[in-house]
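Topology and contacts: notes
Each chain is listed here by its residues.
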Amino acid sequence: MAAPGKVAAFRLPPLPTIGEIIRLFRLKAQKQLSQNFLLDLRLTDKIVQQAGELKNTHVCEVGPGPGGITRSILSAGVEHLLLIEKDARFIPGLQMLSEAAPGKVCIVHGDILNYRMEKAFPKHLKKNWEDEPPDIHIIGNLPFSVSTPLIIKWLENVSKKDGPFSYGRTQMTLTFQKEVAERLTANPGGKQRSRLSIMSQYLCTVENCFVIPGQAFVPKPEVDVAVVHFTPLVQPKIQQPFKLVEKVVQSVFQFRRKYCFRGLETLFPENGRLKRTEQLMMAANVDPTLRPFQLSMSQFRNLCNTYRKMCDEDPGLFVFDYREELRQKKKKKRLPSSTGQLEQTEEENQL
């Protein structure tokens, strides 16, 4: 029996190794799903440590696979662990872990991109946004194919304070390709500065924790992997709707190697494009000859705030789609030639 006032440390009973689990259930990483297994429990422990103190917390692990990180999370003494796994082949091995930790594990066979996380945790865990983060953590060794769309989805959830962030400033500890992690954390002027840099850093404190060499995974990926920790900010650095920020940032980085003026032009219809772009840059006090990766967060904030005012004055502006405008122009150019071909075919038929 544990001493009064102390919680007995949770320990998993003896279990087959991850390698044995893989052999037992004949699991094979599927290349089309960009699956890579991490078998070294020292590394899985290190990943989980980046999440901070997990004792008596609630954790959601995304894509647990054969359960390496799962074991490290359970060993950290969590109160409850939600596992969301898309691949049914891994469910039996995860159920073995669930039986070894009675009452602690809930397994959901589903796609994290569609899973409604606002109902995933008990209501009593909710905290005000201004308070310290809740006792909820998201941890995952993400497949490369899903990592970018998933983090963009969660960043939009942060901006709206919904999904897993309806409980407060829920922290995330996730793996990415090393290059993607460098983009997420890049500073102004850095080679890796990109759309992801702005979208993540205007909403969160983003920390590149450490790099795991590719050879630590089975099968070995062609790239190294980095562990990244996210903590949502109390106040976003750009206080505009997510979709507006996303549109401005995407436009700026559309022509990464050219002056930022060129990308910002795509926010406006052809009629009056040059004049409106000049107005935007002057009002935002941004040098039009800067490259996209040289812009600071405050300059992006000024651009978003100014563009919002322009959209308020012209409600049709925000829905303008530069790519659609290009498609329509190409379509019009093709029409005369196709009409000519039609007339020629009719003449041939008459002859």
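Residues numbered from 1 in each chain as written. Predicted model: local features only at pLDDT ≥ 70, side-chain atom pairs only at ≥ 80, totals over all residues. Heavy atoms only, no water.

**A few points about the overall build of the protein**
What the protein contains, in helices and strands, is 12 helices and nine strands. Buried residues in the protein amount to 47% of all 351 residues. In the protein, 69% of the contacts between residues at least 6 apart in sequence involve partners at least 24 apart. As displayed, the protein offers around 18,500 Å² of accessible surface, 50% of which is attributable to carbon and sulfur atoms. (Helix = DSSP H or I, 4+ residues; strand = E, 2+ residues; numbered from the N terminus. Buried < 20%, exposed > 50% of the residue type's maximum accessible area, 1.4 Å probe, protein only. Contact = heavy atoms within 4.5 Å. Areas by Shrake-Rupley, 256 points an atom, 1.4 Å probe, with all protein chains shown as cover.)

**With respect to the nonpolar core**
Core analysis: the largest hydrophobic core is formed by 65 residues, its most contacted members being W154, F176 and F230. The residues contacting W154, other than those within four sequence positions of it, are V62, I112, M117, I138, P164, F165, M172 and L174. (Core = buried A, V, L, I, M, F, W, Y, C linked by side-chain atoms within 4.5 Å.)

**Examining helix α5 (residues 144–160)**
Since the α-helix turns once every 3.6 residues, residues separated by three or four places project in the same direction. Helix length check: α5 (17 residues) gives 25 Å between terminal C-alpha atoms against 24 Å at 1.5 Å per residue, within 8%. Those residues of α5 that sit buried are F144, V146, S147, L150, I151, I152, W154, L155, E156, N157 and V158. Just downstream of α5, K161 is the residue with a positive phi angle, here 55°. (Expected span 1.5 Å × (residues − 1).)

**As for the UniProt feature "binding site: S-adenosyl-L-methionine" (unreviewed entry) in the protein**
When the UniProt feature table is mapped onto this chain, "binding site: S-adenosyl-L-methionine" (unreviewed entry) is found at N36, L38, G63, E85, D111 and N141. Turning to its location among the elements, L38 is positioned in strand β1 (residues 37–38). Note on L38: relative accessible area 6%, which makes it buried. Discounting residues that sit within four places of it in the chain, L38 has contacts with L43, T44, I47, G68, I212, A216 and F217. Examined against the element boundaries, E85 turns out to sit in strand β3 (residues 80–85). Judged by its relative accessible area of 5%, E85 falls in the buried class. Residues contacting E85, with those up to four places away along its chain left out, are G63, P64, G65, F90, I91, L94, V108, H109 and G110. (UniProt positions renumbered as here; feature names shortened; annotations may be inferred.)

**What about the environment of G163?**
Take G163: it is sitting in the loop between α5 and β6 (171–177). The residues contacting G163, other than those within four sequence positions of it, are M117, E118 and N157.

**Details of the packing of helix α2 (residues 41–49) against helix α3 (residues 68–75)**
Orientation of α2 relative to α3, taken along the N-to-C sense of each, is 60°, at an axis distance of 8 Å. Between α2 and α3, the angle falls in the class oblique. Seen along the crossing, α2 lies across α3 with a hand that is right-handed. Where α2 abuts α3, its residues L41, T44, D45, I47 and V48 lie against G68, I69, S72 and I73. A per-class count over the contact of α2 with α3 returns five nonpolar, three polar and one charged. (Axes fitted to C-alpha atoms, helices over the stretch in contact; angles between N-to-C directions. Parallel < 35°, antiparallel > 145°, perpendicular 65-115°, else oblique. Left-handed = near helix turned anticlockwise from the far one by under 90°. Nonpolar A, V, L, I, M, F, W, Y, C, P; charged D, E, K, R; others polar.)

**A closer look at the pattern of salt bridges**
Going through the model one piece at a time under the given rule, you end up with 15 salt bridges. A salt bridge links D40 to R42, with the shortest nitrogen-to-oxygen separation between them at 3.3 Å. D40 sits in the partly exposed class, given a relative accessible area of 25%. In this structure, the salt-bridge partner of E324 is R327, at a minimum N-O distance of 2.8 Å. Of this pair, E324 and R327 are both found in helix α12 (residues 322–350), three residues apart, which corresponds to roughly one turn of the helix. A relative accessible area of 31% places E324 in the partly exposed class. Note on R327: relative accessible area 46%, which makes it partly exposed. A network of salt bridges, in which partner residues are shared, links E156, K160, R195, K243 and E246. (Salt bridge = Lys/Arg side-chain N within 4 Å of Asp/Glu carboxyl O.)

**Section: the packing of aromatic side chains**
Aromatic rings in a pair are described by how distant their centres are and how their planes are angled relative to each other. In the structure shown here, the tally under the stated rule is five aromatic pairs. Taking the centre distance of 6.0 Å and the plane angle of 10° together, the rings of F253 and F300 count as stacked. One end of the pair, F253, is in the loop between α8 (242–252) and α9 (260–264); the other, F300, is in helix α11 (residues 297–313), and 47 residues separate them in sequence. Just as F253 is buried, F300 falls in that class too. Stacked on the ring of F90, the Lys or Arg R89 has its end atom at 5.2 Å from the ring centre. (Phe/Tyr/Trp six-rings, centres within 6.5 Å; stacked < 30°, edge-to-face > 60°. Lys NZ or Arg CZ within 6 Å of the ring centre and 35° of its normal.)

**Looking at the sheet that holds β3**
Ordered in space as β4-β3-β2-β5-β6-β9-β7, the seven strands form an open sheet in which the pairing is mixed. Looking at the sheet topology across the chains shown, the edges are occupied by β4 (105–109) and β7 (204–212). The sheet shows a mean angle of 20° between the axes of neighbouring strands, direction not considered. Packing against the sheet, α5 makes contact with β2 (58–62), β5 (136–140), β6, β7 and β9 (225–232), and its axis sits at approximately 150° to β6. (Pairing = 2+ DSSP bridges.)

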